[in-house]
Amino acid sequence: MLTKRIIPCLDVKDNRVVKGIKFLNLRDAGDPVELGARYSDEGADELVFLDITATIRFRKTIIELVEKVAENVFIPFTVGGGIQTVEQMDEILRSGADKVSVNTAAVSKPELLTEAAQRFGSQCVVLAIDARRAKDKPHKWQVCVKAGTEPTEIDVVEWAIRGEKLGAGEILLTSMDADGTKAGYDNKLNKAVSDAVDIPMIASGGAGKLNHLYDAIAVGGADAVLMASITHFGNYTINQIKDYLASRGLPVNIQ
Amino acid sequence: MIVVIDYNVGNVKSVCNALRHIGCQVTLSRKRETIEDSTGIVLPGVAAFGYAINQLGELAKLIKKLTLDGKPLLGICVGYQMLFDQSSEYGRHDGLGLISGSVIPIPINPQLCVPHMGWNQVKLPDDMDLFTGLGKEKTFYFAHSFYADVTDLQAKTAFTDYGFAMPAAVQKANIYGVQFHPEKSSITGLKVLKNFVEICLRNE
């Protein structure tokens, strides 16, 4: 049986890891190479690296940083941020990433998901969705692009379903309402998406306490949980998280 | 020196990074002399089977010959699948034929996703040298849609559970293969690579 994955996320801006609240008020959280190596050693199941400066334009400089991070990361490694073409994906994968995550580019050019899946396989293609609760509609969420700065009219659940059909192998779902609040994941959103697709869904945004992680999996139906603040700033270690989830009966990978 | 075969498939760099991290001298190459001079060969690979075997081209014969002469070989993922007789991934393709068996699709099971992607437990037999010092069971990272149905009576096999007992690793004399990615399986995976390097050193 596959285990539930614990995935720390490095939001990288100007070569530093940062963490904000609801995508704003960024605070420095360290060096990406050091943090990546630490998470790999501590038993994280995967690492996600998002270049949050890059959403408008893909930055070549990120390749070098990805290479450096990959040298010390011996767990699956996903990279995203501003990627717009399969050539850029190829470059990212060749520099040591195992998967690429696309967000804005997939919204403006959905066939990118198909091209990527055909060239690298679906297992390499992660569709990242930034979701914001629609005003006056408690069970509707809208897709936001360009690092959350631009709301669209696209419905999150419909986009997830379409993304799977187009070739995404995984959905990385971030609740912008919950991001950085440490008040728990948006499990209504998580459940709506995980019920709608067959591919794995990674829940992101809102982790503050251990039971939040449990709830994202048990209530939200997530296959994996993404976190930043609670592990970057030393509130919990990866092992503490896994021991807790195991004690509540979830299958986790303890090395 | 361990040679990692460079044949234009994904993920070769990760394998080199991991081997370097454990202190192994490693060369990424497709040169005949380098492969001949190596103490052991690692055949990595993230690609479709047909593409991978085509990219390997003439090197297939050389690797097969050196392996049959006793040089340790470790196949990883598609590199492992290529050790077998054949695959049915996007048409029928011949493998290296070093171990009897066929590479076939993971059977459809409504409860389980294909590709089989993520961390899964592998039962580790005592007599498989790659798993020395790792205990009875460990979790490894997998990412694949086809698996090798091992029919070779001389091969030792380790299994994982994915709705059925699915082969996850083989060993036949100096030929080793793992369906999972040791270079992406954290400290447990690095230990498997270390064990392979030690096998190569003992063989020198």
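Residues numbered from 1 in each chain as written. Chains lettered and ligands numbered in written order. Predicted model: local features only at pLDDT ≥ 70, side-chain atom pairs only at ≥ 80, totals over all residues. Heavy atoms only, no water.

Within chain A one finds 10 helices and 12 strands. Relative to the 2.2 N^0.38 estimate, which gives 18 Å for 255 residues, the radius of gyration of chain A is 16 Å and therefore close to what a compact globule would have. In terms of overall dimensions, chain A has a C-alpha envelope of 45 × 45 × 40 Å along the principal axes. Scored against the burial criterion, the 255 residues of chain A give a buried share of 61%. Taken as a whole, chain A presents about 10000 Å² of accessible surface, with 48% of it coming from carbon and sulfur. Here chain A holds 30 positive side-chain charges and 35 negative ones, and the gap between their average locations is 5 Å. (Helix = DSSP H or I, 4+ residues; strand = E, 2+ residues; numbered from the N terminus. Rg over C-alpha atoms; globule rule 2.2 N^0.38 Å. Buried < 20%, exposed > 50% of the residue type's maximum accessible area, 1.4 Å probe, protein only. Areas by Shrake-Rupley, 256 points an atom, 1.4 Å probe, with all protein chains shown as cover. Lys, Arg positive; Asp, Glu negative; His and termini not counted. Charge placed at Lys NZ, Arg CZ, Asp CG, Glu CD.)

All names here are of chain B. With respect to topology, 9 strands assemble into an open sheet ordered 2-1-3-4-13-12-11-8-9, the strand pairing being mixed. The sheet is open, and its two borders are formed by strand 2 (26-29) and strand 9 (137-144), each paired with just one other strand. Shown here is a sheet whose adjacent strand axes are inclined to one another by a mean of 25°, direction ignored. With 3 bridges connecting them, strand 1 (residues 2-5) and strand 3 (residues 40-43) associate as parallel partners. The residue bridging Val 3 from the neighbouring strand is Ile 41, located in strand 3. In the packing of helix 6 (residues 186-203) onto the sheet, contacts are made with strand 1, strand 3, strand 4 (73-76), strand 8 (116-123), strand 9 and strand 13 (175-178), and the angle to strand 9 comes to roughly 95°. (Pairing = 2+ DSSP bridges. Axes fitted to C-alpha atoms, helices over the stretch in contact; angles between N-to-C directions. Contact = heavy atoms within 4.5 Å.)

Residue and element names in this part refer to chain B. Of all the 8 residues making up strand 8, 6 are buried; the element is thus mostly covered by neighbouring parts of the structure. Direction of pairing for strand 8 relative to strand 9: antiparallel, over a ladder of 8 bridges. Looking at strand 9, one finds that Asn 120 is bridged to Phe 140. Pairing of strand 8 with strand 11 (residues 156-161) involves 2 bridges; the strand directions are antiparallel. Following the sheet pairing, Lys 123 is matched in strand 11 by Phe 159.

The subject of this paragraph is the state of the cysteines. Per the counting criterion, the structure on display carries 0 disulfides over all chains. Cys144(A) provides the cysteine sulfur closest to Cys9(A), a residue in no disulfide bond, and the two sulfurs are 17 Å apart. A residue is classified by how much of its surface remains accessible, and Cys9(A), at 3% relative accessible area, is buried. A disulfide-free cysteine, Cys24(B) has its sulfur positioned 7.8 Å from the sulfur of Cys200(B), the nearest such atom. (Disulfide = S-S within 2.5 Å.)

Right, let's get into the environment of Glu115(A). Residues and elements named next belong to chain A. With respect to the helices and strands, the residue Glu 115 is situated in helix 5 (residues 111-120). Residues Glu 115 and Ala 168 lie 53 residues apart in sequence; the distance between their C-alpha atoms is 10 Å. Ignoring any residue separated from it by four or fewer positions in sequence, one finds Glu 115 in contact with Val 86 and Lys 109.

This part is about the packing of aromatic side chains. Residues and elements named next belong to chain B. Throughout the structure, instances matching the rule amount to 9 aromatic pairs over all chains. Relative to Phe 140, the ring of Phe 131 has its centre 6.2 Å away and its plane inclined at 45°; by these criteria the two rings are tilted. We classify Phe 131 as buried; its relative accessible area is 4%. On the basis of an interplanar angle of 20° and a centroid distance of 4.0 Å, the ring pair of Phe 140 and Phe 180 is categorised as stacked. Of this pair, Phe 140 sits in strand 9 while Phe 180 sits in the loop between strand 13 and helix 6, and the two are 40 residues apart along the sequence. (Phe/Tyr/Trp six-rings, centres within 6.5 Å; stacked < 30°, edge-to-face > 60°.)

Ranked by size, the top nonpolar core spans 79 residues in total, and within it Phe49(A), Val193(A) and Leu213(A) carry the most contacts. Of all the elements, helix 2 (residues 61-71) of chain A adds the most residues to this core, at 6 residues. With sequence-adjacent residues up to four places away left out, Leu213(A) is seen in contact with Tyr185(A), Ala207(A), Val225(A), Met227(A), Ile230(A), Ile241(A) and Leu245(A). Grouped together as the second largest cluster of nonpolar side chains are 67 residues, Val15(B), Val26(B), Leu59(B) and Ala158(B) included. (Core = buried A, V, L, I, M, F, W, Y, C linked by side-chain atoms within 4.5 Å.)

Each pair of packed helices can be summarised by the angle the axes make with each other and by the distance between the axes. All names here are of chain A. Contact geometry for helix 8 (residues 210-218) and helix 10 (residues 238-247): axes closest at 10 Å, N-to-C directions at 55°. Put simply, helix 8 runs oblique to helix 10. Crossing of helix 8 against helix 10: the hand is right-handed. Along the contact surface, helix 8 presents Leu 210, Asn 211, Leu 213, Tyr 214 and Ile 217, while helix 10 presents Gln 240, Ile 241, Tyr 244 and Leu 245. (Parallel < 35°, antiparallel > 145°, perpendicular 65-115°, else oblique. Left-handed = near helix turned anticlockwise from the far one by under 90°.)

Right, let's get into the sheet that holds strand 5 (residues 86-87) of chain B. Residues and elements named next belong to chain B. Strand order in the open sheet formed by 4 strands is 6-5-7-10, and the pairing between neighbours is mixed. Where the open sheet ends on each side, the last strands, each with one partner, are strand 6 (93-94) and strand 10 (146-150). Here 5 bridges tie strand 7 (residues 101-105) to strand 10, and the two strands are oriented antiparallel to one another. In the strand pairing of strand 10, Gly 101 is matched with Val 150.

Take the interface of chain B and chain A next. In this complex, chain B contributes 26 residues to the contact, which on the side of chain A involves 28 residues. Both faces combined, the contact of chain B with chain A buries some 2200 Å², and carbon together with sulfur accounts for 54% of it. Looking at the side of chain B facing chain A, the largest losses of area belong to Met117(B), Trp119(B) and Lys184(B), adding up to 32% of the total buried there. Taken together, chain B and chain A are joined by 2 salt bridges. Put simply, Asp98(A) and Lys184(B) hold a salt bridge, and the shortest N to O gap is 2.8 Å. Linking chain B with chain A are 10 residue pairs in polar contact (both at pLDDT 80 or more). Among the elements of the structure, helix 1 (12-21), strand 8, strand 9 and helix 6 of chain B are those that each provide at least two residues to the side of chain B that touches chain A. When residues in the side of chain B that touches chain A are grouped by element, the largest group, 6 residues, is from strand 8 of chain B. Residue classes in the side of chain B that touches chain A are distributed as 10 nonpolar, 12 polar and 4 charged. (Buried area = accessible area lost by both parts, 1.4 Å probe. Salt bridge = Lys/Arg side-chain N within 4 Å of Asp/Glu carboxyl O. Polar contact = N/O pair within 3.5 Å; in protein donor to acceptor, adjacent residues only side chain to side chain. Nonpolar A, V, L, I, M, F, W, Y, C, P; charged D, E, K, R; others polar.)

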